[in-house]
Amino acid sequence: MVKKSVTIFCSASDLEQKYIDLAKDISHILCSKGYSVVFGASDKGTMKVVAEVFEENNKDVTGITFGHLEGVARKDITKLIVAASLDDRKQELLARGNFLLALPGGVGTLDELVYAIENIKHGLYNGKLLLFNFENFFDGIKLQLSHMANNGFVDQLILDKVIFVEDTDDFTKLIENF
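Keep in mind the model is a prediction, meaning the values are calculated, not measured.

About the thresholds
Residues numbered from 1 in each chain as written. Predicted model: local features only at pLDDT ≥ 70, side-chain atom pairs only at ≥ 80, totals over all residues. Heavy atoms only, no water. Helix = DSSP H or I, 4+ residues; strand = E, 2+ residues; numbered from the N terminus. Buried < 20%, exposed > 50% of the residue type's maximum accessible area, 1.4 Å probe, protein only. Contact = heavy atoms within 4.5 Å. Lys, Arg positive; Asp, Glu negative; His and termini not counted. Charge placed at Lys NZ, Arg CZ, Asp CG, Glu CD. Polar contact = N/O pair within 3.5 Å; in protein donor to acceptor, adjacent residues only side chain to side chain. Salt bridge = Lys/Arg side-chain N within 4 Å of Asp/Glu carboxyl O. Pairing = 2+ DSSP bridges. Axes fitted to C-alpha atoms, helices over the stretch in contact; angles between N-to-C directions.

## A word on the overall build of the protein chain
Each helix and strand counted, the protein chain has seven helices and seven strands in total. Counting from the amino terminus, helix and strand elements in the protein chain follow one another as β-α-β-α-β-β-α-β-α-β-α-α-β-α. Dimensions along the principal axes, computed over C-alpha positions, put the protein chain at roughly 45 × 40 × 35 Å. The buried share of the protein chain, reckoned over its 178 residues, is 46%. Taking the contacts inside the protein chain whose residues are at least 6 apart along the sequence as the reference set, 70% of them involve residues at least 24 apart. Between the mean site of the 19 positive side-chain charges and the mean site of the 26 negative ones, the protein chain shows a separation of 4 Å.

This is the structure:
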């Protein structure tokens, strides 16, 4: 059987409970579908929550950090990878997930999203990128991609591979096909 893994982009910040609950709900769904997780390795914020849920469900947890952030990395996980640089970290995150999932996050998540989209554009990443659009969190990115496409800057490949998911029911149905 092929091992299924998801790379999750999310936050290392302390957040409102609704974001913690979302991270837990999505992680439980993924665990129930047999996924392991790859994440940014932080032991804070929704990254910590994601790791905890996968660990509680006896799933593999792979954290990828780099030297600058190694001090805040979660230590007791299946595998901790310390990349040489931030760019190497992003490449490792993409290389290890059957698909990518973005939960609400900050500038680091935004950086990972743009990096993933650029890799999709050049055919360097062939999986899907799902943005969980909780409470319209990613509407600005959706609008920008649409604007870019309408003006010829983004082609159909990106629109086909970057998927905005609005709720857990749609998310559950969608990942059945991955």
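## A short note on the side chain of threonine 109
Looking at the element boundaries, threonine 109 is found in helix H4 (residues 107-121). Its relative accessible area of 3% is what places threonine 109 among the buried residues. A distance of 3.2 Å separates the side chain of threonine 109 from the backbone oxygen of cysteine 10, its partner in a polar contact. What threonine 109 contacts, discounting residues up to four positions off in sequence, is Phe9, Cys10, Ser11, Ala102 and Leu103.

## Here we look at the pattern of salt bridges
Throughout the structure, instances matching the rule amount to eight salt bridges. Two residues, glutamate 135 and lysine 18, come together in a salt bridge whose shortest N-O distance is 2.7 Å. Pair noted here: glutamate 135 is in the loop between strand S6 (129-132) and helix H5 (139-150) and lysine 18 is in helix H1 (residues 17-32), with a separation of 117 residues, a long-range link. Across the salt bridge formed by lysine 90 and aspartate 87, the nearest N and O atoms sit 3.5 Å from each other. With lysine 90 and aspartate 87 both in helix H3 (residues 86-95), this residue pair falls three residues apart, about one helical turn.

## With respect to the sheet that holds strand S1 (residues 5-9)
Adjacent strands of a sheet pair through backbone hydrogen bonds, lying either parallel or antiparallel. Spatial ordering of the open sheet is given by S4-S3-S2-S1-S5-S6-S7, a layout of seven strands whose pairing is parallel. Every other strand in the sheet has two partners, leaving strand S4 (79-83) and strand S7 (162-165) as the edge strands with one partner each. Shown here is a sheet whose adjacent strand axes are inclined to one another by a mean of 25°, direction ignored. Note that strand S5 (residues 99-102) and S6 share three bridges and pair parallel. When the bridges of S6 are listed, leucine 100 appears paired with leucine 129. Together, S1, strand S2 (36-39) and strand S3 (61-66) form the strand contacts of helix H2 (residues 45-56), whose direction differs from that of S2 by roughly 160°. Along the sheet face, H4 touches S1, S5, S6 and S7 and points at about 150° away from the line of S6.

## Some thoughts on the environment of glutamate 112
Tracing the chain through its elements places glutamate 112 in helix H4. Sequence separation between glutamate 112 and lysine 142 is 30 residues, and the spatial gap between their C-alpha atoms is 16 Å. Discounting chain neighbours no more than four positions away, the residues touching glutamate 112 are Phe9, Arg89, Lys90 and Leu93.

## So, the side chain of serine 42
The topology assignment puts serine 42 in the loop between S2 and H2. Within polar-contact distance, the side chain of serine 42 engages the backbone nitrogen of lysine 44 at 3.2 Å.

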